[in-house]
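As a plain string of letters, each chain reads:
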Amino acid sequence: MTHNKRLPAPKHYPINRKESSYVSEIKGSRSRDTAIPTVVFLREVTEYADNAKEATKIVKDGKILRNGDKLRDIKQGIGVLDVVQFPDTEESFRAVKQGKKLVFLPVTDGEKVAVKILDKSVEGDEFVYRLHNGENFRTEDEFSTGNTLVFNESVKEVELAEGNQALVIEGSHAGEKAEIKEINRRGMKPDTATVESDREFETRLGNLVAVENLEVTR
């Protein structure tokens, strides 16, 4: 297994940096900058495993799902807005960024999986959408870049627009859910949005994910 020394591990890792020396690398589509390996989730977050061997057995037995699919490797990443489910215990968790930390909120709407569209292209009769979690989604249906797709039996598009609810996923306000009051187009500079939760602030539009009524805060 490829490892990183624990002290320089990314700041969003929910680990005790003074204990064991190493953490696992991330494998798959999730970014090391915004995700943690499954083994860290099972060991440090839920404490369902004491070590990598126990975590491997949980994964191999199909007892943990990410966005409805069985995980296959303890090095696969779990990142922002991923939903982790334990079918045996009927527990669901949604990963969100709060400040610099990645935290996992117990949720009752774990059947709803939300992904932000970063880019799209056309291949034949299909649109290919590049999603924030590193995956691609193909469909004949057309959606808009920047909006959120919520998968729950069918696919629903949630618009990143003024008046809608959004989750801040990066920056100093990460983890806050707020209403988009105004979208500010900056031309050559990154677009921003003025949003309001318990106070009003401005953040980059790219830091926001439209979430409607999803459970994304404590």
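Above this text is the structure in question.
We now turn to the structure provided with this report. In this text the structure is predicted, and so the values were computed from the model without any measurement. (Residues numbered from 1 in each chain as written. Predicted model: local features only at pLDDT ≥ 70, side-chain atom pairs only at ≥ 80, totals over all residues. Heavy atoms only, no water.)

Take the side chain of Thr46 next. Tracing the sequence through the fold places Thr46 in the loop between helix 1 (38–45) and helix 2 (52–60). We classify Thr46 as buried; its relative accessible area is 15%. (Helix = DSSP H or I, 4+ residues; strand = E, 2+ residues; numbered from the N terminus. Buried < 20%, exposed > 50% of the residue type's maximum accessible area, 1.4 Å probe, protein only.)

Phe41, Leu42, Ile64, Phe104, Ile180 and Leu208 are the most contacted members of the largest nonpolar core, which totals 46 residues. The next biggest cluster of nonpolar side chains, apart from the first, holds eight residues, and it includes Val115, Tyr129, Leu131 and Leu149. (Core = buried A, V, L, I, M, F, W, Y, C linked by side-chain atoms within 4.5 Å.)

Bridge count between strand 15 (residues 165–168) and strand 16 (residues 177–184): three bridges; the pairing is antiparallel. Along strand 16, the bridge assignment pairs Leu167 with Lys177. Note that strand 15 and strand 19 (residues 208–210) share three bridges and pair antiparallel. Counted as the bridge partner of Leu167 is Val209 from strand 19. (Pairing = 2+ DSSP bridges.)

Turning our attention to the sheet that holds strand 15. The strand order 18-17-16-15-19 describes an open sheet built from five strands, whose pairing is antiparallel. Of all the strands in the sheet, the pair left with one neighbour each is strand 18 (200–204) and strand 19. This sheet shows a mean twist of 45° between the axes of neighbouring strands, independent of strand direction. (Axes fitted to C-alpha atoms, helices over the stretch in contact; angles between N-to-C directions.)

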